[in-house]
Amino acid sequence: MDGSPLSRQFNASVGIMTNNRLLWTLNKLVCQNAIGKNIKKISNMETSMPLISTRIIPVALTALTLSFLLSNVQAAPAEIVLGASIQLTGPISNTGRYYPDAYKFAVDKINSAGGIKVGQKTYHLALKLYDNQSDVNLSVRQYTQLVSHDKVNFLLGPYGSNFTVADSAVSEKYHVPMVEGGGASDEIFSRNFHYIFGTLAPGSAYFRSTVAMLTKLHPVPASVALLCADDSFDVTLAKNTRPLLKAAGLNLVMDERFSTNTTNFSSLLSQIKSRKVDAVLVGGHETEILNFIRQAKSLDVNPHIYSFTVGVPSEDFRKALGKDADYAFGMTAWLPSTSRKDKWFGDAKQFATAYAAKYGYEPDYHVASGVADVETIVNAIEKANSLDPGKVRDAIAASDFDSLYGKIAFSATGQINLDQTVIQVQDGAVKPVFNGQKFMDQPQYPIPSWSKR
């Protein structure tokens, strides 16, 4: 028998009990674990038998009970366990919660298609997830527990670059591959680590398409404000956006950093208003962006354009703001298109429809990248035909396949490269407007003042 709780209870019972006592224990285990309708029937039969039959009936029932136990244990497929520590609660859980949904959706789909075959053995995927409560130190401890105590096979990532920077050190130390779609900071991939792979586009390039679009707007913004949080991703973002603005000939008049999880943007917004800044670029987390927009309305701050690194692709963002979400610009590396084919989901549009039907919200690029993370590990296991972490790691590094998320192929540092599409909320819906080189649709620009909406 295998190492399941049922079999462990059974093996312990066998060593210390006589036949009649064993029968009682087996029947109890059967009832407790409710394995199959037939076993329930046997249990009902036994409880209805008269006591005088105990010399003959126990042997027959024991054999039958053992047979059903063994057949059910043996029929259960072996498992490949994927572990992760996720922000299910805390300040950044509004985005962090997308990842367990994405992971589970992918796991369920792959299992329903028959699972994974390694050699002559078929496996199903299982998830071991912890809530890090948006605490990076707790996240590190949980990833350490996943590999050292829970003995998961492979790791999926958390949300956020700060978390991924810290947590990937665990995967590197224990030589357990981690594939993540929640951290995009270049810092994650600049340490010569061999066991971390990321499916988000480099954080340094998030505003590249936006800056290119600014130069093609009429009129071109005369002044730009760059406001970024102080976490790893946004520090990298700001560092690499400054030269992009300079090369584009755009005038950077405000370059400010704010604390992660800031709730009060009144000082920065007052500066934007007094300087009459035309374009505002903001890097932060979704809660921060929501606060920024609400306070911009409250203070009647009216730039010609504002663009955000997160939030805009999310249905929750648009629901939270209602009409106030209109005109906001953002970016995404993923849109649900029929052109993005997938082995398990058919194409990205089919995936998006099925996902929304199950979870009640439209998937954005966070969800798509999370699903791609699971697919990447599965694809590598199949290519390696092994569960050996080193062999699977090498197969991940050599990935080259199409998915609902796009082409999965990693650079030498372990990071994927996908172009960002500029999007805008127009009449409550996300519209792709600029692909980095040309307009895909007409942007609503300059955006009207709050008093004229």
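Let me begin by describing the structure that accompanies this report. (Residues numbered from 1 in each chain as written. Predicted model: local features only at pLDDT ≥ 70, side-chain atom pairs only at ≥ 80, totals over all residues. Heavy atoms only, no water.)

1. Description of helix H7 (residues 136–148)
The end-to-end C-alpha distance of H7 is 18 Å, a good match for the 18 Å that 13 residues give at a rise of 1.5 Å each. Those residues of H7 lying buried are Leu138, Ser139, Gln142, Tyr143, Leu146 and Val147. Seen end-on, H7 carries its buried residues on one side only, within an arc spanning 165°. Away from its buried face by more than 90 degrees, H7 exposes Asn137 and Arg141. Those residues of H7 that are buried are in contact with strand E1 (78–86), strand E3 (121–131), strand E4 (154–156), helix H8 (161–174) and strand E5 (178–180). Structurally, the start of H7 carries an N-cap: the backbone nitrogen of Asn137 is 2.9 Å from a side-chain oxygen of Asp135. (Helix = DSSP H or I, 4+ residues; strand = E, 2+ residues; numbered from the N terminus. Expected span 1.5 Å × (residues − 1). Buried < 20%, exposed > 50% of the residue type's maximum accessible area, 1.4 Å probe, protein only. Arc of directions from axis to C-beta. Contact = heavy atoms within 4.5 Å. Polar contact = N/O pair within 3.5 Å; in protein donor to acceptor, adjacent residues only side chain to side chain.)

2. A short note on the packing of helix H15 (residues 365–384) against helix H16 (residues 389–397)
As a packed pair, H15 and H16 sit with axes 8 Å apart at the nearest point and diverge in direction by 115°. Considered as vectors, H15 and H16 are oriented roughly perpendicular to each other. The way H15 lies across H16 gives a crossing that is right-handed. Judged by residue contacts, Thr376, Ala380, Ile381, Lys383 and Ala384 of H15 engage Lys391, Val392, Ala395 and Ile396 from H16. By residue class, the composition of the contact of H15 with H16 is six nonpolar, one polar and two charged. (Axes fitted to C-alpha atoms, helices over the stretch in contact; angles between N-to-C directions. Parallel < 35°, antiparallel > 145°, perpendicular 65-115°, else oblique. Left-handed = near helix turned anticlockwise from the far one by under 90°. Nonpolar A, V, L, I, M, F, W, Y, C, P; charged D, E, K, R; others polar.)

3. Overview of the pairing of strand E10 (residues 305–308)
The side chains of a regular strand alternate between both faces of the sheet. Because side chains alternate across E10, one face comprises the buried residues Ile305 and Ser307, and the other comprises Tyr306 and Phe308, equally buried. For strand E9 (residues 279–283) and E10, the ladder comprises four bridges, and the chain directions are parallel. Its bridge partner being in E10, Ala279 is matched across the sheet by Ile305. Between the parallel elements E9 and E10, the chain passes through helix H12 (residues 286–298) in a crossover that is right-handed. (Pairing = 2+ DSSP bridges. Right-handed = clockwise from strand over helix to strand, strands pointing away.)

4. Here's the deal with H8
Relative to the 20 Å expected for 14 residues at 1.5 Å per residue, H8 spans 20 Å between its end C-alpha atoms, a close match to the ideal helical length. The complete set of buried residues in H8 reads Ser161, Phe163, Thr164, Val165, Asp167, Ser168, Val170, Ser171 and Glu172. Looking at the buried positions of H8, the neighbouring elements they touch are H7, E4, E5, strand E6 (196–198) and helix H10 (232–247). Positive backbone phi, approximately 55°, marks His175, located one or two places after H8.

5. Some points on the sheet that holds strand E2 (residues 116–118)
Read across the sheet, six strands follow the order E2-E3-E1-E4-E5-E6 without closing on themselves; strand pairing throughout is mixed. Each edge of the sheet is formed by a strand with only one pairing partner; in this case those strands are E2 and E6. The sheet shows a mean angle of 30° between the axes of neighbouring strands, taken without regard to direction. Looking at chain direction, E1 and E4 are connected through two bridges and run parallel. Paired with Leu82 across the two strands is Phe154, which belongs to E4. Relative to E3, helix H6 (residues 98–112) is tilted by about 165°, and along the sheet it contacts E1, E2, E3 and E4. Across the sheet, H7 lies against E1, E3, E4 and E5, angled at about 170° from E1, the strand it touches most.

Keep in mind these values describe shape, not function.
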